[in-house]
Amino acid sequence: MDTGCPRLPDTVLFEIFLYLDHADVLSVGLVCQQWRAVARDEFLWKELFYRYYRVSRDVPRHPGAVSWYDEFQRLYDTIPCVEVQALKEHNDQVLHLSFSHSGCLFASCSKDCTVKIWSNELDISLQHSSNMRPYNWSYTQFSQFNSDDSLLLVSGVFVGPHNSSSGEIAVISMENFTLLSRVRNKPYDVFGCWLNETNLISGNLHRIGRITSCSVLWLNNAFQGIESENVNVVKRLFKIQNLNASTIRTVMVADCSRYDSPDLLLDYEEQLAASSSCPVFDLGSDSEEEEAKPKLPPEPAVQELPDAGGVPAEHGLQQLFDDIMEGRVRPAMTETELETKVAELFVRNRTKPPEPNLLPTDSNSKTKYLIFTTGCLTYSPHQIGIKRILPHQMTTAGPVLGEERRSDEFFDSLDHVIDIHGHIIGMGLSPDHRYLYVNSRAWPRDCVISDPMQPPPIAEEIDLHVFDLKTMKEVKRALRAHRAYTPNEECFFIFLDVSRDFVASGAEDRHGYIWDRHYNICLAKLQHDNVVNSVAFSPVEQELLLTASDDTTIKVWRSPRAVRIRQARRPRPRKLLFSWLMNQKS
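Residues numbered from 1 in each chain as written. Predicted model: local features only at pLDDT ≥ 70, side-chain atom pairs only at ≥ 80, totals over all residues. Heavy atoms only, no water.

Looking up the chain in an unreviewed UniProt entry gives the name FBXW5 protein, with the organism given as Sylvia atricapilla.

1. Here we look at the sheet that holds strand E11 (residues 199-207)
With respect to topology, four strands assemble into an open sheet ordered E10-E11-E12-E13, the strand pairing being antiparallel. In this open sheet, the two strands that pair with only one neighbour each are strand E10 (193-194) and strand E13 (234-242). Taken together, the nine bridges between E11 and strand E12 (residues 213-221) define a ladder with antiparallel strand orientation. Within E12, the residue paired with His 206 across the bridge is Cys 214. (Pairing = 2+ DSSP bridges. Helix = DSSP H or I, 4+ residues; strand = E, 2+ residues; numbered from the N terminus.)

2. A word on the UniProt feature "repeat: WD" (unreviewed entry) in the chain
The UniProt record marks residues 87-119 and 525-557 with the feature "repeat: WD" (unreviewed entry), using the residue numbering of this structure. Helix makes up 0% of residues 87-119 and strand 58%. Its end C-alpha atoms lie 12 Å apart. Note that residues 525-557 is 0% helix and 70% strand, and that its end C-alpha atoms are spaced 11 Å apart. (UniProt positions renumbered as here; feature names shortened; annotations may be inferred.)

3. Quick look at the pairing of strand E27 (residues 511-516)
Burial analysis of E27 places six of its six residues in the buried class, the great majority of the element. On E27, burial covers both faces: His 511, Tyr 513 and Trp 515 on one face and Gly 512, Ile 514 and Asp 516 on the other are all buried. With four bridges connecting them, strand E26 (residues 502-505) and E27 associate as antiparallel partners. From the neighbouring strand, Ala 504 faces E27, where its bridge partner is Ile 514. Here E26 folds back onto E27, and the loop between the two strands holds five residues, one of which, Arg 510, carries a positive phi near 70 degrees. Sheet topology note: the E27/strand E28 (residues 521-527) ladder contains six bridges and is antiparallel. Bridge pairing in E28 links Ile 514 to Ala 524. Taken together, E27 and the strand that follows it, E28, pair antiparallel across an intervening segment of four residues, in which Asn 520 is found at a positive phi of about 60 degrees. (Buried < 20%, exposed > 50% of the residue type's maximum accessible area, 1.4 Å probe, protein only.)

4. A closer look at the sheet that holds strand E1 (residues 82-87)
Note: strands within a sheet are paired through backbone hydrogen bonds, in either parallel or antiparallel orientation. Read across the open sheet, the four strands follow the order E1-E31-E30-E29; overall the sheet is antiparallel. Only two strands of the sheet have a single neighbouring strand rather than two, namely E1 and strand E29 (532-538). Across this sheet, the average inter-strand angle for adjacent strands is 25 degrees, counted without regard to direction. As defined by bridge partners, E29 adjoins strand E30 (residues 541-549) across six bridges and the pair is classed as antiparallel. (Axes fitted to C-alpha atoms, helices over the stretch in contact; angles between N-to-C directions.)

5. Thoughts on unusual backbone geometry
The amide bond that connects Lys 186 to the next residue, Pro 187, takes the cis arrangement and shows omega of -5 degrees. In this fold, Pro 187 is placed in the loop between strand E9 (179-185) and E10. The backbone of Cys 113 shows a phi angle near 70 degrees, a positive value even though the residue is not glycine. As for its position among the elements, Cys 113 is in the loop between strand E3 (105-110) and strand E4 (114-119).

6. Focus: the packing of aromatic side chains
Summed over the entire model, instances satisfying the criterion amount to 20 aromatic pairs. On the basis of an interplanar angle of 55 degrees and a centroid distance of 5.2 Å, the ring pair of Phe 49 and Trp 68 is categorised as tilted. With Phe 49 in helix H4 (residues 42-52) and Trp 68 in helix H5 (residues 68-77), this residue pair connects regions lying 19 residues apart in the sequence. When the centroid spacing of 5.4 Å and the interplanar angle of 55 degrees are considered together, the rings of Tyr 53 and Phe 72 count as tilted. (Phe/Tyr/Trp six-rings, centres within 6.5 Å; stacked < 30°, edge-to-face > 60°.)

7. Quick word on the pattern of salt bridges
If charged atoms from side chains of opposite charge come close, those side chains can pair. Under the criterion given, the structure shown has 18 salt bridges. With its nearest N and O atoms 3.0 Å apart, the salt bridge here joins Arg 57 to Glu 47. Separated by ten residues along the polypeptide, Arg 57 in the loop between H4 and H5 and Glu 47 in helix H4 bring together distant segments of the chain. You can call Arg 57 partly exposed: its relative accessible area is 48%. Taking relative accessible area as the criterion, Glu 47 reaches 17% and is therefore assigned buried. (Salt bridge = Lys/Arg side-chain N within 4 Å of Asp/Glu carboxyl O.)

Shown next, in the form of structure tokens:
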């Protein structure tokens, strides 16, 4: 059939494609049979894809894609970039969003001190709201559903005596929205997380000196008021020393048993990278001093003190005191340097060694990783600590203080440390728990920290790093597009989320952002009127995304394809009924 559309040379068609937006290209391909044939030309669509999205030609096609035409259509048609609803039930900044695993519910936390439960139906509606002010909370900041969606963990800031602020975790039943238990959480930005269906992890902080402290991570039973008379409801998991005003924050749990069946493998650049098994690596330091340091042996180990010379810690501490008293320490140490040096020497022979062979070898392993932000140079979080949780540690049964410790195992060591060389402001796991995504704001290159209370200035650009938790290596280059403006002392967490194919994050520039995980390209900017604090993909429908902002709204975004499908499903009035209504008006 002649459509009246003249056949253009392929080269001309290709140049036209380059200047048309997605909708024009696809609609023309559907209307005109001649163009439709060209639209199915794999060579043309491959060239268009690489040039339009500015993807490096070293990047292969998505492993799940059937053709370049379908891949171009996927990136145009399945990105949740169409605003379909704005939820305005909160009356203050909305800080966090979390979906239930079934995708039927989601929770929101806000500076208005409520946690709201929403029903994710055709149109999202509010199902329940819990006000936490009667429990002396200042605001709610984080929530997480347990694995069977029967319980909701809610984390908030608790106002204690003399207006001191700490954290508290509440557990709410999803059956009748009753409050089951409350657990103290210090500092409040530990947030807390579920370890399994009925046990959650909280933190506590004990000051040892002005800039030295000890973080204790606790395992808590969610049903404390019910079971406390019969069984233990709390057990100490780990006790970790903090140096230079650092603390453990932002805990989360990764399930190692899911590593061998990832949703998406990010391995095309990994094959080109040189293999490295160093347990501690630095993403930002290119200084000559760092390059001159000898490589550490490829096993997790507590960082050694320089010039220790193998001297036992007790002898080293005594030697330090003798040197100070006799004036042999040159130049003179500041009070801060002295405290750090003493703490390092004290902890050296009083720390339980790390678990051997951190990387999981058994695909059926029940081992889990506890992941958290920490540091060693300053109070701003600049390292990621990883500690293995063994199966016998995943219950509150046994002694409250955990297994009996020897005097030389007073502290627990970290099994793995990742140095980000910047201020960490967000973390999120891929759905298969294989990859860890980290938002950070970089420090200046070659910066030197002489005072732990004065961290380096941080960049406005946010880097989104990706780490493979199976190999403990960084994969891909850092994603960039989003920005933040607050200085170190005012810096706050910006929550990100990861779906099967996409990763999304908030930002301080009044936008949410979406990237493609495979191609490492930014696909969409989602507009708000203020800072975007949190994003959340539906776990069962990645074409649905929520964004939460300081503008007090939660916006609901769907893909163009999902919008068309949902509009087609909406019932339309029958013609006879419509005619009758029009006649009644006349």
